[in-house]
Amino acid sequence: MISGSESKSIEKRIDRARNIGDGVKILNAYVDYMQPVERQMFSIFKEYSKRNASGKFQDCLKSLYNDALAKLKIEEFLVLDKVDKISLELTAQTALNVRSKTTRCREVILADRAEDRFKRKTFLSSLDEIHPTGDSERKILEYMKDQALYLPTSGSSVNAFIVKYSRRSEQEIAKRLLRASVATIEHVKPDSLGGGNTLANFMLVSSQANSSRANMPLEKFVERYPDIPKHCQNYINQIITSIYRGKLRGCETYPYKIKRTLEKESNGKIVLNLNRYKYTEQTAEKMVRRYHTAQKKTGVL
């Protein structure tokens, strides 16, 4: 992940770039920070710049637009097909209601009118208008909505990225490659589900991950992205290193708190290993108390 201040510094340099060649040179140092789709797009831009260093990011996207649009429509149809298939398990009237919404989406996608483009968010909201007739249907509809979340976005599909950003400015296209990696504060248990604004419920995650999850329960999010437990372990290892270096004084109990929160909210799918943490929870609590006492004496707290 990239800090907000570092991101702003990079973006100032991007604003001064004269062409795609300049932009690629600036971004090349940050490839390892990029999210998967953004890393693929950078490779595309890099290859294009080798042939036309004085060209534009937008020129590159426009050259790929028609093929990407066709592929994007296929991606969208595959998800809508899956939704329709699931709807067969519902009562006839409810299934027909679902089909009316997916049919409308297909019409919009095929028409491809600038003033009436298919919007993933609009379709997802339309599914919330469908009311189940009982617990069985409710579970089916929840599963259907989970599958509908696989509709491509610029953060999950190269084709969606090309189509969306082919209409954006040079600077916006280049900056987008890193903005998805900017560190943001994530509520492990979302606000909308009763999560509190406490240290035990906070994690630093990339902007892309935060946006992709929205208010999805953590357990379902892990089912969708099985590598999350590994990323969480890497995260806590970095936190522990920062604590040892004195960069997070007063937060020594955080590894224990976030471990419990993640395990609870993921229903046991995320279990952090704290074997490398040399402080017991009791020792960590004493360190936190000493820190706050010292802060109060100096008038900081």
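Further up the page is the structure itself.
About the thresholds
- Residues numbered from 1 in each chain as written.
- Predicted model: local features only at pLDDT ≥ 70, side-chain atom pairs only at ≥ 80, totals over all residues.
- Heavy atoms only, no water.
- Helix = DSSP H or I, 4+ residues; strand = E, 2+ residues; numbered from the N terminus.
- Buried < 20%, exposed > 50% of the residue type's maximum accessible area, 1.4 Å probe, protein only.
- Polar contact = N/O pair within 3.5 Å; in protein donor to acceptor, adjacent residues only side chain to side chain.
- Contact = heavy atoms within 4.5 Å.
- Salt bridge = Lys/Arg side-chain N within 4 Å of Asp/Glu carboxyl O.
- Core = buried A, V, L, I, M, F, W, Y, C linked by side-chain atoms within 4.5 Å.
- Axes fitted to C-alpha atoms, helices over the stretch in contact; angles between N-to-C directions.
- Parallel < 35°, antiparallel > 145°, perpendicular 65-115°, else oblique.
- Left-handed = near helix turned anticlockwise from the far one by under 90°.
- Expected span 1.5 Å × (residues − 1).

Concerning the side chain of threonine 102
So, step 1. Along the polypeptide, threonine 102 turns up in helix α5 (residues 92-111).
So, step 2. The buried category is assigned to threonine 102, whose relative accessible area is 0%.
So, step 3. Reaching out from threonine 102, the side chain makes a polar contact with the side chain of aspartate 84 at a distance of 2.8 Å.
So, step 4. Look past the residues within four positions of threonine 102 in its chain and what remains in contact with it is Leu80, Val83, Asp84 and Phe123.

A short note on the pattern of salt bridges
So, step 1. By the definition in use, this model includes 19 salt bridges.
So, step 2. Note that arginine 18 is salt-bridged to aspartate 22, the shortest N-O span being 2.9 Å.
So, step 3. Note on aspartate 22: relative accessible area 15%, which makes it buried.
So, step 4. Linking glutamate 38 and arginine 176 is a salt bridge whose minimum nitrogen-to-oxygen distance equals 2.4 Å. Separated by 138 residues along the polypeptide, glutamate 38 in helix α3 (residues 36-51) and arginine 176 in helix α9 (residues 170-179) bring together distant segments of the chain.
So, step 5. Here glutamate 38 falls in the buried class, since its relative accessible area comes to 0%.

Quick word on the environment of valine 98
So, step 1. With respect to the helices and strands, valine 98 occurs in helix α5.
So, step 2. Contacts of valine 98, omitting those with residues within four sequence positions, involve Val83, Asp84, Ser87, Leu90, Ile130 and Met144.

Topic: the nonpolar core
So, step 1. Residues Leu27, Met41, Phe45 and Leu177 are the most contacted members of the largest nonpolar core, which totals 33 residues.
So, step 2. Take this core: its biggest share by element is seven residues, from helix α4 (residues 57-87).
So, step 3. Not counting residues up to four positions away in its chain, the partners in contact with phenylalanine 45 are Ile20, Val24, Phe57, Cys60, Leu61, Ile173 and Leu177.
So, step 4. Counting residues in hydrophobic clusters, the runner-up holds 25 residues, among them Ile228, Ile239, Tyr254 and Ala284.

Quick word on the side chain of serine 157
So, step 1. By the element assignment, serine 157 lies in the loop between α7 (135-148) and α8 (158-165).
So, step 2. Those residues within four positions of serine 157 in sequence are excluded, and the remaining contacts are Val37, Leu72, Glu75 and Pro152.

Considerations on the packing of helix α12 (residues 228-244) against helix α13 (residues 254-265)
So, step 1. It is the contact of α12 with α13, at a shortest axis distance of 10 Å, that shows an interaxial angle of 165 degrees. Looking at the two axes, α12 sits roughly antiparallel to α13. In this structure, α12 crosses over α13, and the sense of that crossing is right-handed. Counted together, Cys232, Tyr235, Ile236, Ile239, Ile240 and Ile243 of α12 and Tyr254, Pro255, Ile258 and Leu262 of α13 form the full contact between these two elements.

Re α13
So, step 1. The terminal C-alpha atoms of α13, which comprises twelve residues, lie 16 Å apart, in line with the 16 Å expected from a rise of 1.5 Å per residue.
So, step 2. All buried positions along α13 are accounted for by Tyr254, Pro255, Tyr256, Ile258, Thr261 and Leu262.
So, step 3. Considering only its buried residues, α13 is in contact with β2 (202-206), α11 (218-224), α12 and α14 (281-297).

Considerations on α7
So, step 1. In this model, α7 (14 residues) spans 20 Å end to end at C-alpha, consistent with the 20 Å of a helix rising 1.5 Å per residue.
So, step 2. Taken residue by residue, α7 has Glu137, Ile140, Leu141, Met144, Asp146, Gln147 and Ala148 as its buried positions.
So, step 3. Where α7 is buried, its residues meet α4, α5, α6 (120-127) and α11.

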